[in-house]
Amino acid sequence: MAVRATLISRLTRWRLNLYGPYLGAGIRVEHISPDFLAVDVVMRLRPWNRNAVGTHFGGSLYSMVDPFYMLMLMRALGPDYLVWDQAAQIDFLRPGRGRVRAAFRLDADQLRQLRDAAASGRAVRPEYVVEVLDEAGEVVARARKTLYVRLKPARRPPAAAEISAPDHSL
């Protein structure tokens, strides 16, 4: 099982690193833990991801933090859950120069709380914050991600399925 988890995390990292928008922006996934509870991403400043004033393009900074909490939760919670990005906000705090990095972390307690909250069949909307740091450890940008987590319809308790069913009598 551990060998399979390691293989899946390595293949996922490889696929993300070959993903066209990430190649184009110079984004590189350095690490995905076998349990998908830790992801490390870096981006170097290159001519193709530089803005008009010579710093990291804001769209590239956002791209480097966009999908990871969703991907991590999808994998960690398993196939019984719907996981979507629902909202995002990013604050650009200082110019990004050189190599920037972001570290995404989840823990077993957060997963347990999500499962408990979603057990009723209702949607849960956890919020996560990730910081993009420069080489000196200064915060370049801070992104807030709101996700949508819910048991899939076939896994919801009967009362929750009724609540979420469309009303065709209207």
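Preceding this paragraph is the structure being described.
Every chain is numbered on its own, with residues counted from 1 as its sequence reads. Given that this is a predicted model, residues contribute local features only at a pLDDT of at least 70 and side-chain atom pairs are listed and counted only at 80 or more, while totals for whole chains, interfaces and linings are drawn from all residues. The basis for the side-chain values is all heavy atoms of the structure; hydrogens and waters are excluded.

A.B. asks: Run through the overall build of the protein, naming residues and quoting values.
C.D. replies: Of regular secondary structure, the protein possesses six helices and six strands. Overall, the protein is about 55 × 45 × 30 Å in size when its C-alpha atoms are taken along their principal axes. Within the protein, residue pairs in contact and separated by at least 24 positions form 67% of the contacts whose partners lie at least 6 positions apart. Each accessible area value is a Shrake-Rupley result obtained with a 1.4 Å probe; residue values ignore everything except the protein chains displayed when judging cover. Accessible surface, the protein: about 9,800 Å² in total, of which carbon and sulfur atoms supply 55%. Here Asp and Glu are counted as negative and Lys and Arg as positive; His is not counted, and neither are the chain ends. Where a charge sits is defined by one atom per residue type, namely NZ (Lys), CZ (Arg), CG (Asp) or CD (Glu). Computed over 25 positive and 17 negative side-chain charges, the inter-centroid distance for the protein is 6 Å. A run of DSSP states H or I qualifies as a helix once it reaches four residues; a run of E qualifies as a strand once it reaches two. Both are numbered from the N-terminal end. When checking whether two residues touch, look at their non-hydrogen atoms; a contact exists if any pair is within 4.5 Å.

A.B. asks: Provide a residue-level description of the sheet that holds strand S4 (residues 100-105), including the pertinent values.
C.D. replies: Pairing between two strands requires that DSSP report at least two bridges joining them. With respect to topology, six strands assemble into an open sheet ordered S1-S2-S4-S5-S6-S3, the strand pairing being antiparallel. Of all the strands in the sheet, just strand S1 (27-32) and strand S3 (81-92) have a single pairing partner and so form its edges. Neighbour-to-neighbour, the strand axes of this sheet turn through a mean angle of 20°, independent of strand direction. Two elements, S1 and strand S2 (residues 38-43), share five bridges in a ladder whose sense is antiparallel. Pairing of Val 29 across the sheet is with Val 41, part of S2. To get an axis, fit a line to the C-alpha atoms, keeping to the stretch in contact for a helix; angles then go from 0 to 180 degrees between the N-to-C directions.

A.B. asks: Go over the pattern of salt bridges, please, and point to the residues and values.
C.D. replies: The salt bridge criterion pairs a side-chain nitrogen of Lys or Arg with a carboxyl oxygen of Asp or Glu, the two atoms within 4 Å. Across all of its chains, the model carries 10 salt bridges by this definition. One salt bridge in this structure joins Arg 105 and Asp 40, with 2.9 Å as the shortest N-O distance. One end of the pair, Arg 105, is in strand S4; the other, Asp 40, is in strand S2, and 65 residues separate them in sequence. Relative accessibility decides the category of a residue: with a 1.4 Å probe and only protein chains considered, values under 20% of the type maximum give buried, values over 50% give exposed, and everything between is partly exposed. Judged by relative accessible area, which is 42%, Arg 105 ranks as partly exposed. Glu 131 is the salt-bridge partner of Arg 142, the closest N and O atoms lying 2.9 Å from each other. You can see Arg 142 sitting in strand S6 (residues 139-151) and its partner Glu 131 sitting in strand S5 (residues 127-133), a full 11 residues away along the chain. Residue class for Glu 131 comes out partly exposed when judged on its relative accessible area of 32%.

A.B. asks: Got a sec to walk through helix H1 (residues 2-18)? Specific residues and values, please.
C.D. replies: Helix span, expected: 1.5 Å multiplied by one less than the number of residues in the helix. An ideal rise of 1.5 Å per residue puts 24 Å on 17 residues; H1 measures up with 24 Å between its terminal C-alpha atoms. Residues Ile 8, Ser 9, Leu 16 and Asn 17 constitute the buried set of H1. In a view along the axis of H1, the buried residues occupy a sector of 165°, so they form one face of it. Opposite its buried face, H1 presents the exposed residues Val 3, Arg 4, Arg 10, Trp 14 and Arg 15, each directed more than 90 degrees away. Elements that come into contact with the buried residues of H1 comprise helix H2 (20-25), S1 and helix H4 (68-77). Here the arc refers to the set of directions running from the helix axis out to each C-beta atom.

A.B. asks: Got a sec to walk through the layout of surface pockets? Specific residues and values, please.
C.D. replies: Gaps left between atoms are located by rolling a probe of water-molecule size over the structure's atoms. Taken as a whole, the largest pocket holds about 260 Å³ of empty space. Put simply, the parts of the chain that give the lining of the largest pocket at least two residues each are H1 and H4. Considered class by class, the residues forming the lining of the largest pocket number 10 nonpolar, one polar and two charged. For cavity detection a 1 Å grid was placed over the protein atoms alone, and a set of points counts as a cavity when a 1.4 Å probe fits there but cannot get out; an open set counts as a pocket when protein lies on both sides within 12 Å along at least five of seven lines, with lining residues being those that have an atom within 4 Å of a point. Grid points are joined across faces, edges and corners, and a volume is the space filled by probe spheres set on the points. Side-chain classes are defined by residue name, with Ala, Val, Leu, Ile, Met, Phe, Trp, Tyr, Cys and Pro counting as nonpolar, Asp, Glu, Lys and Arg as charged, and the others, Gly among them, as polar.

A.B. asks: Please provide a residue-by-residue account of the nonpolar core, values included.
C.D. replies: Met 64, Phe 68, Leu 73, Phe 104 and Val 132 are the most contacted members of the largest nonpolar core, which has 41 residues in total. Beyond its immediate chain neighbours, meaning those up to four positions away, Met 64 contacts Tyr 22, Ile 27, Val 41, Val 42, Met 43, Val 100, Arg 101, Ala 102, Phe 104 and Val 132. Among buried residues, those of type Ala, Val, Leu, Ile, Met, Phe, Trp, Tyr and Cys that are joined through side-chain atoms within 4.5 Å constitute a nonpolar core.

A.B. asks: Requested: an account of unusual backbone geometry, with residues and values cited.
C.D. replies: Phi angles above zero are rare outside glycine, and Phe 36 is one such case at about 60°. In this fold, Phe 36 is placed in the loop between S1 and S2. Take Phe 36: its relative accessible area is 5%, and that puts it in the buried class.

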